[in-house]
Amino acid sequence: METNTTPSAPPAAEMKAPKPDRRPPTVGMRTIKTATAAAICALIYFFFDRSPAFACIGAIFGLGANMEHSKLNGGNRLFGTIIGGVIGMALFRVYLIFHPEGGRSLLLVPLVFIGTILLIVLCQIFWVGGVQPGGVVLCILLFNTPPETYISYALNRIFDTGVGVVVALFINKYFPRDRVERWLEKLWSLDSKISYFWEDRSSDTE
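Residues numbered from 1 in each chain as written. Predicted model: local features only at pLDDT ≥ 70, side-chain atom pairs only at ≥ 80, totals over all residues. Heavy atoms only, no water.

**Q** Can you walk me through the overall build of the chain in this structure?
**A** Each helix and strand in the chain was counted, giving seven helices and zero strands. Order of helices (α) and strands (β) in the chain, N terminus to C terminus: α-α-α-α-α-α-α. In the chain, which comprises 206 residues, the proportion classed as buried is 31%. When contacts within the chain are restricted to residue pairs at least 6 apart in sequence, long-range pairs at least 24 apart make up 70% of them. For the chain, the exposed area adds up to about 14500 Å²; of that, 67% sits on carbon and sulfur atoms. (Helix = DSSP H or I, 4+ residues; strand = E, 2+ residues; numbered from the N terminus. Buried < 20%, exposed > 50% of the residue type's maximum accessible area, 1.4 Å probe, protein only. Contact = heavy atoms within 4.5 Å. Areas by Shrake-Rupley, 256 points an atom, 1.4 Å probe, with all protein chains shown as cover.)

Below, the structure written as structure tokens:
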């Protein structure tokens, strides 16, 4: 009796799917505008001898593809920071009543539980997208802020985030993509004209 020696096809699971073509990274208009917004924040804060970290973060978060996206992203960051900061300050004040010296305590466990619920509820009322950035501020205030600086930390972070968001909105409002592209076209045309007059044109007279 003859046996079939024809090799069977490999199972579909073992067949390797072709890898999708990966696009090379590009530096587009939004990238340039985001970097510009962060650099402007750093420049402003340089003259006030103040850390620009949270302002730059606010600018990077707030720079969207267009003005509507900037309002949404910036609002998420700003209102989340405000809500999380206010809740964090209130709960940390309660914590200091029982632990004036600060430090670690199991009391922080129910406080962060309550704070997270309050944050989500308030964000549902005022600004839905603020939960994540608000949670960052809330947790830092409860777990990583000295008792003597928790108020100043929260207020400074709210202020700095607001500055960054305002810079991002300014960039997107007054430097929209179509306007910047027109400027670049004019600059390119001017550069071409300058290059035309500066290049060696001795052969034209021969």
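Right, picking up where we left off after that structure.
**Q** I'm lost on the packing of helix H3 (residues 67–98) against helix H4 (residues 108–126) in this one. Help?
**A** Packed helix pairs are characterised by how far apart their axes lie and by the angle those axes make with each other. Put simply, H3 and H4 touch, their axes get as near as 10 Å, and they point 150° apart. In terms of axis orientation, H3 runs roughly antiparallel to H4. The way H3 lies across H4 gives a crossing that is right-handed. Residue-level inspection shows Ile-83, Gly-84, Ile-87, Leu-91 and Tyr-95 of H3 in contact with H4, the latter providing Leu-108, Leu-111, Gly-115, Leu-118, Leu-119, Leu-122, Cys-123 and Phe-126. The class makeup of the residues in the contact of H3 with H4 is 11 nonpolar, two polar and no charged. (Axes fitted to C-alpha atoms, helices over the stretch in contact; angles between N-to-C directions. Parallel < 35°, antiparallel > 145°, perpendicular 65-115°, else oblique. Left-handed = near helix turned anticlockwise from the far one by under 90°. Nonpolar A, V, L, I, M, F, W, Y, C, P; charged D, E, K, R; others polar.)

**Q** How should a nonpolar patch on the surface be read in this particular structure?
**A** On the surface, Phe-113, Ile-114, Ile-117, Leu-118, Val-121, Ile-125 and Phe-126 cluster together into a nonpolar patch covering about 690 Å² of accessible area. Mapped onto the elements, Ile-125 comes out in helix H4. Residue classification places Ile-125 among the exposed positions, given a relative accessible area of 56%. (Patch = residues over 30% accessible without salt bridge, like charges linked within 9 Å, V, L, I, M, F, W, Y side chains within 5 Å. Salt bridge = Lys/Arg side-chain N within 4 Å of Asp/Glu carboxyl O.)

**Q** Any chance you could explain the pattern of salt bridges here in plain terms?
**A** Where charged atoms from two side chains of opposite charge approach closely, those side chains can pair. Applying the stated criterion across every chain yields a total of one salt bridge. Between Arg-50 and Asp-160 there is a salt bridge; the shortest N-O distance is 3.1 Å. With Arg-50 in the loop between helix H1 (29–46) and helix H2 (53–62) and Asp-160 in helix H6 (residues 150–174), the pair connects residues that are 110 residues apart, well separated along the chain.

**Q** When you look at the nonpolar core in this model, what are you seeing that I'm missing?
**A** Taken as a class, soluble globular proteins show a tendency for nonpolar side chains to be buried jointly. Counting 19 residues, the largest nonpolar core has Ile-87, Leu-91, Phe-92, Tyr-95, Leu-141, Leu-142 and Tyr-150 as the members making the most contacts within it. The set of elements that each furnish at least two residues to this core consists of H3, H4, helix H5 (131–143) and H6. Looking at this core, the element that brings in the most residues is H3, giving seven residues. (Core = buried A, V, L, I, M, F, W, Y, C linked by side-chain atoms within 4.5 Å.)

**Q** Looking at this structure, I do not really get H2. What am I missing?
**A** Every α-helical turn comprises 3.6 residues, leaving residues that sit three or four positions apart pointing alike. When H2 is considered as a whole, its buried residues turn out to be Ala-55, Cys-56, Gly-58, Ala-59 and Gly-62. Seen end-on, H2 carries its buried residues on one side only, within an arc spanning 160°. On its buried face, H2 sits against H1, H3 and H6. (Arc of directions from axis to C-beta.)

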